[in-house]
Amino acid sequence: MVASEQALVTGKQLDTLSINTIRTLAIDAVQQANSGHPGAPMGLAPVAYCLWQEFLRYDPADPTWLNRDRFVLSNGHASMLLYAMLHLAGVREVDENHQVLKELAVPMEEIKRFRQLGSRTPGHPESHVTSGIETTTGPLGQGVGNSLGMAIAREWLAANFNRPEFEIFDYNVYAICSDGDLMEGIGGEAASLAGHLKLANLCWIYDNNHVTLDGPADWSFSEDVATRFVGYGWNVTRVADANDLEMLARAFETFQKTTDRPTLIVVDSHIGYGSPHKQDTNAAHGEPLGEEEVRLVKKFYGWPEDAKFLVPEGVREHFQDGIGKRGHDLRAQWAKGFAEYSRKYPELADRLHRMQRRELPDGWDKNLPSFPTDSKGVATRESSGKVLNALAQNIPWLIGGSADLATSNKTNLKFEGAGDFQAGSYGGRNLHFGVREHVMGASVNGLTVSGIRAFGATFFNFSDYMRASMRLAALMEIPSIFIFTHDSIGVGEDGPTHQPIEQLASLRAMPNLIVLRPGDANEVVEAWKIIAQLQHQPVALVLTRQNLPTFDRTKYGAASGTARGGYILADAAAGKPEVILIGTGSEVSLCVEAYEKLKGEGVQARVVSMPSWEIFERQDMAYKESVLPSSVTARVSVEMAATFGWERYVGLKGQKIGMHRFGASAPLKDLLKFFGFTVEAVVAAARKAMTEK
């Protein structure tokens, strides 16, 4: 009896010791960096500890395990909470070849280098920098949006890969979120869609600490969050004290027993817990506590006041005996079953292998359409829809949807067996995001980091609603696919509210994002070939509403030139142009018409189709010189968008035909004439460029 009581006391002591280790590592790292957010990790340490140590199905020795539970820290400013957990749990480093190494993903020296140049512990979690981090978070709302995509991915994977005798996928997705995540509109979008889809594998843990960066949360936030989430169709439970491990455990058990809806756990916590002067104030939010306050906090914890980065004896072993052993046993059991599954279903196992490595199936590019010469042509949104459907039949894990615009975006997957992803029927490949562009972008990223090739589609003008998600996809180096139609003033009567003007220039400014604006149906085919093979870059595919002529490729350059970003579509005799016309998308055909007119007038012109600046810039200097010879300074760019940036290709003296104001509501033919997108205007600009070279 005495021995069991002693063991119980020891267990509770170890709990407290481990929680305070998490807290003090966060405090010390922020203090040493003289930068960071100590308060949230201090308040949330028991929550993360209870989840990881008792409930998270995760093997630190193999953070690539397919069926691991996903943990997302949506309030990424609390990054030291996650770094401390990765360190204490002993999560291993994974190299670029997906090999798990013996070294820790976050060794102590990296915690000591918190927020320093080149460290694995940047100010907000970055998944491409630090192994064990599932997704890059920081901009509030993005993490919970990603968690929605991860939860959708789990349901889709289970529906498509599980078999009656093999439950390959049954993982859960946990996300810790803050007031800010729930204030941001994207948080509401994610919660609404998750409730609609009845994603019972999704659990959000709401850090209800009553404090925002500026001050008390009630300055700006007084809604009843629990009632709101009940209205969304969530199961809601509450833990009145973040330090109550028993109640936390009961809440997680409630989640795991809930099978018909997502779960929100509202946790009342104290930001800066234990700080005598800063607890429950915004002073604990975004700045170091200060040396004297650190000593007082450590005294409150019963910690050596002058110790820094201390991990007491027994703490690491405690984690090894908890999440380490449990995770190892769960993975080993799963691996045994998966080995049998692989023997019985080798094709499915091969798919999973390729998905995790972002590889393509054999024959991925078979039966892609080819479009005949047609002066009337087809809208690139139409040709894209046909190519997408062909590709999706070849790539079984290519799925996606639209923000209630699939019929306009032409992104419906229509082949037999494609189906719809809906509550209770999770095997379909058509996702219906509703009018929720913000969370559609974040969900696509969550799906993509889960191994699925996912796309989301809307009108190009609404790419502005998705910019944060696109930016994080580029930062994470993941191949998310963003499809945008209605790409110019070609929208016509819908007017300037729906006519994108500055979006092309602004997206081209984003590092690591490929922007593709194909000029005819066969360039669309080539663009999709590029997209399918991407592994580390997201793409924005920009498409027209209006029909575009399909070029005669026996007369003009081969569409395969799209693979180089820019290529010679029509050329002067002997390849010696006097003037170069450069266009993208719908304006390429306008350049070709102007070229033919100039040719008839004896002017030696060249047309360059440039569907992607980013890909063109990757080419070697010799190729770029062959397309845009430096000796030819008479150049004209033609694009129904802001001309910002075209100086790169036409020079300071070149002519730029584009948009210098917002559009207007009128039939397309009237808009083209009004804004100067005519053959006559291009010819006149070419002649002007030739005289001013």
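Provided above is the structure to which this section pertains.
Note that the structure is a prediction, hence the values are computed from the model and not measured.

Cut-off values and rules
- Residues numbered from 1 in each chain as written.
- Predicted model: local features only at pLDDT ≥ 70, side-chain atom pairs only at ≥ 80, totals over all residues.
- Heavy atoms only, no water.
- Helix = DSSP H or I, 4+ residues; strand = E, 2+ residues; numbered from the N terminus.
- Rg over C-alpha atoms; globule rule 2.2 N^0.38 Å.
- Buried < 20%, exposed > 50% of the residue type's maximum accessible area, 1.4 Å probe, protein only.
- Contact = heavy atoms within 4.5 Å.
- Areas by Shrake-Rupley, 256 points an atom, 1.4 Å probe, with all protein chains shown as cover.
- Lys, Arg positive; Asp, Glu negative; His and termini not counted.
- Charge placed at Lys NZ, Arg CZ, Asp CG, Glu CD.
- Core = buried A, V, L, I, M, F, W, Y, C linked by side-chain atoms within 4.5 Å.
- Pairing = 2+ DSSP bridges.
- Axes fitted to C-alpha atoms, helices over the stretch in contact; angles between N-to-C directions.

Peer 1: Looking at this structure, how should I read the overall build of the protein chain?
Peer 2: Along the protein chain, the regular secondary structure elements total 24 helices and 20 strands. For the protein chain, the C-alpha radius of gyration of 28 Å lies close to 26 Å, the compact-globule estimate for 693 residues. Principal-axis analysis of the C-alpha atoms places the extent of the protein chain at approximately 105 × 60 × 45 Å. By residue count, 62% of the 693 residues in the protein chain fall in the buried class. Considering only intrachain contacts with a sequence separation of at least 6, the fraction spanning at least 24 residues in the protein chain is 76%. When the accessible area of the protein chain is evaluated, it comes to approximately 26500 Å², of which 50% is carbon and sulfur surface. Treating the 69 positive side-chain charges of the protein chain as one cloud and the 82 negative ones as another, the clouds have centres 6 Å apart.

Peer 1: Explain the nonpolar core to me, please; I cannot follow it from the model alone.
Peer 2: Across soluble globular proteins, nonpolar side chains have a tendency to be buried as a group. If you look at the biggest cluster of nonpolar residues, it comprises 111 residues, and the most contacted ones within it are Trp 204 and Trp 528. Examining the composition of this core, we find that 10 residues originate from one element, helix H5 (residues 142-161), more than from any other. Residue contacts for Trp 528: discarding those within four places in its chain leaves Ser 384, Val 387, Leu 388, Leu 391, Ile 481, Ile 483 and Leu 541. By size, the runner-up hydrophobic cluster in this structure holds 57 residues, among which are Leu 81, Tyr 83, Ala 105 and Ala 242.

Peer 1: Just to check I follow, could you spell out the sheet that holds strand S20 (residues 655-659) for this structure?
Peer 2: In sheet architecture, strand pairing relies on hydrogen bonds along the backbone and comes in two forms, parallel and antiparallel. Strand order in this open sheet of five strands is S16-S18-S17-S19-S20, and the pairing throughout is mixed. For this open sheet the edge positions go to strand S16 (567-570) and S20, each flanked by a neighbour on one side alone. Within this sheet the neighbouring strands show an average axis-to-axis angle of 25°, counted without direction. Across four bridges, strand S17 (residues 579-583) lies against strand S19 (residues 635-642) in parallel orientation. Bridge pairing in S19 places Leu 581 opposite Val 636. The sheet contacts of helix H24 (residues 679-691) involve S17, S19 and S20, and relative to S20 the element is tilted by about 150°.

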